[in-house]
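# Inside the fold
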Amino acid sequence: MQLFGPIFALTAFATHASAATWYYLDFTTPSGSYVTEFSGTMVAPTLQQAGTYYLWPGLQPSDNAGVLQQVLDGRSGEWWIGSGWCCSDPDLAWGSGFNVADGVSIDFSNTVDSIEDGTWSTSLSSGSDSATGSFALPTHPMDQAIMAIELYGVTWDFGKLTFENVVIVANTTSTSWCTGGGTNYDNAAVISMSTPTATTSGSATTCSIASIVFESPA
Ligand SMILES: *[C@@H]1O[C@H](CO)[C@@H](O)[C@H](O)[C@H]1NC(C)=O
């Protein structure tokens, strides 16, 4: 599976014929601080047809080398979700996953053992389905938590995409990266969000957002 993180895709744009259509919200931590956890719930929208719909939460490192993501994939005509590191440097096998029915909630989490060691544990669960993964990414500390709609040859025809109980933890005492509500790429999407709250304890800040709804193209 070849997916491209937002920045990666934009820099590669000129050389890739099959352009993606992007809608995404990006929370970037302050320079020199990194994400240690990113979790929440994603609600699968109604898939209208088989097509290259990639809907995902993901983490991108400061060098923009790739993206560690949980991708809800519409290519087969039924949603499937799995975790993976796209796409190279290092080359890592895509994780296992499971099919997801329309309207179903999927809990996701990404946690790192330490920022220096960079081994990420991922988990996905929905009802009786679950999948876990481990991704060794020691040279790629993550500073961007992203929620994205990435489309190839299809349009945003599936209605709202909802994320709930989103939690981003970073090693910073700064809170504005959270309370500012992130960056809506190119203002391409209409996004409704509950007020983000930031709680600092010691050197870590936890950003909590009860609801983020990608309503429609802007
Ligand atoms: C966050 O952790 C990294 C890795 O230990 C460290 O280099 C960096 O200085 C820390 N940043 C802050 C703001 O504490």
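Refer to the structure presented above.
Residues numbered from 1 in each chain as written. Predicted model: local features only at pLDDT ≥ 70, side-chain atom pairs only at ≥ 80, totals over all residues. Heavy atoms only, no water.

## Quick word on the overall build of the protein
- Scanning the protein from N- to C-terminus turns up two helices and 15 strands.
- The C-alpha atoms of the protein give a radius of gyration of 16 Å, which matches the 17 Å a tight globule of 218 residues would have.
- When the backbone C-alpha atoms are referred to their principal axes, the protein occupies close to 50 × 40 × 35 Å.
- Across the 218 residues of the protein, 49% fall into the buried class.
- In the protein, 67% of the contacts between residues at least 6 apart in sequence involve partners at least 24 apart.
- When the accessible surface of the protein is totalled, it reaches about 8,800 Å², and 48% of it is carbon and sulfur. (Helix = DSSP H or I, 4+ residues; strand = E, 2+ residues; numbered from the N terminus. Rg over C-alpha atoms; globule rule 2.2 N^0.38 Å. Buried < 20%, exposed > 50% of the residue type's maximum accessible area, 1.4 Å probe, protein only. Contact = heavy atoms within 4.5 Å. Areas by Shrake-Rupley, 256 points an atom, 1.4 Å probe, with all protein chains shown as cover.)

## Digging into empty space enclosed by the protein
- Counted by the stated rule, this structure contains two cavities of 30 Å³ or more.
- Forming the boundary of the second largest cavity are Val 35, Val 112, Ser 114, Ile 115, Gly 118, Trp 120, Leu 137, Pro 138, His 140, Pro 141 and Met 142.
- Across the lining of the second largest cavity, the residue classes break down as eight nonpolar, three polar and no charged. (1 Å grid on protein atoms, 1.4 Å probe; cavity = no way out; pocket = protein on both sides within 12 Å on 5 of 7 lines; lining within 4 Å. Points joined across faces, edges and corners; volume = space filled by probe spheres on them. Nonpolar A, V, L, I, M, F, W, Y, C, P; charged D, E, K, R; others polar.)

## Structural notes on the sheet that holds strand β4 (residues 67-73)
- The sheet built from seven strands is open, its strands ordered β6-β5-β4-β3-β10-β1-β12 with antiparallel pairing. Each end of this open sheet is capped by a strand with a single partner; those strands are β6 (97-100) and β12 (183-184).
- As paired elements, β4 and strand β5 (residues 79-86) share seven bridges and run antiparallel to each other. The partner of Gln 70 across the bridge, within β5, is Ser 83. (Pairing = 2+ DSSP bridges.)

## Some remarks on the side chain of Asp 143
- By the element assignment, Asp 143 lies in strand β10 (residues 142-152).
- Although Asp 143 is buried, it makes no salt bridge; Arg 75 carries the closest opposite charge, 25 Å away.
- In terms of polar contacts, Asp 143 uses its side chain to reach the backbone amide nitrogen of Ser 62, at 3.3 Å. (Lys, Arg positive; Asp, Glu negative; His and termini not counted. Salt bridge = Lys/Arg side-chain N within 4 Å of Asp/Glu carboxyl O. Polar contact = N/O pair within 3.5 Å; in protein donor to acceptor, adjacent residues only side chain to side chain.)

## A closer look at the packing of aromatic side chains
- This structure, assessed with the given rule, holds ten aromatic pairs.
- Seen in terms of ring centroids, Tyr 54 and Tyr 152 are 5.9 Å apart; in terms of plane orientation they differ by 70 degrees. Their pairing is edge-to-face. Of this pair, Tyr 54 sits in strand β3 (residues 52-61) while Tyr 152 is found in strand β10, placing the two residues 98 residues apart along the sequence.
- Clustering of aromatic rings is evident, with ring pairs tying together Tyr 23, Tyr 53, Trp 79, Trp 156 and Phe 158. (Phe/Tyr/Trp six-rings, centres within 6.5 Å; stacked < 30°, edge-to-face > 60°.)

## Topic: the site of the ligand
- Every residue close to the ligand is listed here: Gly 32, Ile 115, Glu 116 and Asn 171.
- Separating an oxygen atom of the ligand from a side-chain N or O atom of Glu 116 is a distance of 2.5 Å.
- Contact with the protein chains hides 50% of the accessible area of the ligand, taken as 360 Å² for the molecule alone.
- A per-class count over the shell around the ligand returns one nonpolar, two polar and one charged. (Near = heavy atom within 4 Å.)

## Here's the deal with the pairing of β3
- The buried fraction of β3 is high, at nine of ten residues.
- Judged from the ten bridges that link them, β3 and β10 form a sheet pairing that is antiparallel. Residue pairing for β10: Gln 60 is matched across the bridge by Gln 144.
- Bridge count between β3 and β4: four bridges; the pairing is antiparallel. Residue pairing for β4: Leu 55 is matched across the bridge by Leu 72.
- Count of turn residues in the β3/β4 antiparallel hairpin: five residues, of which Asn 64 carries a positive phi of about 55 degrees.

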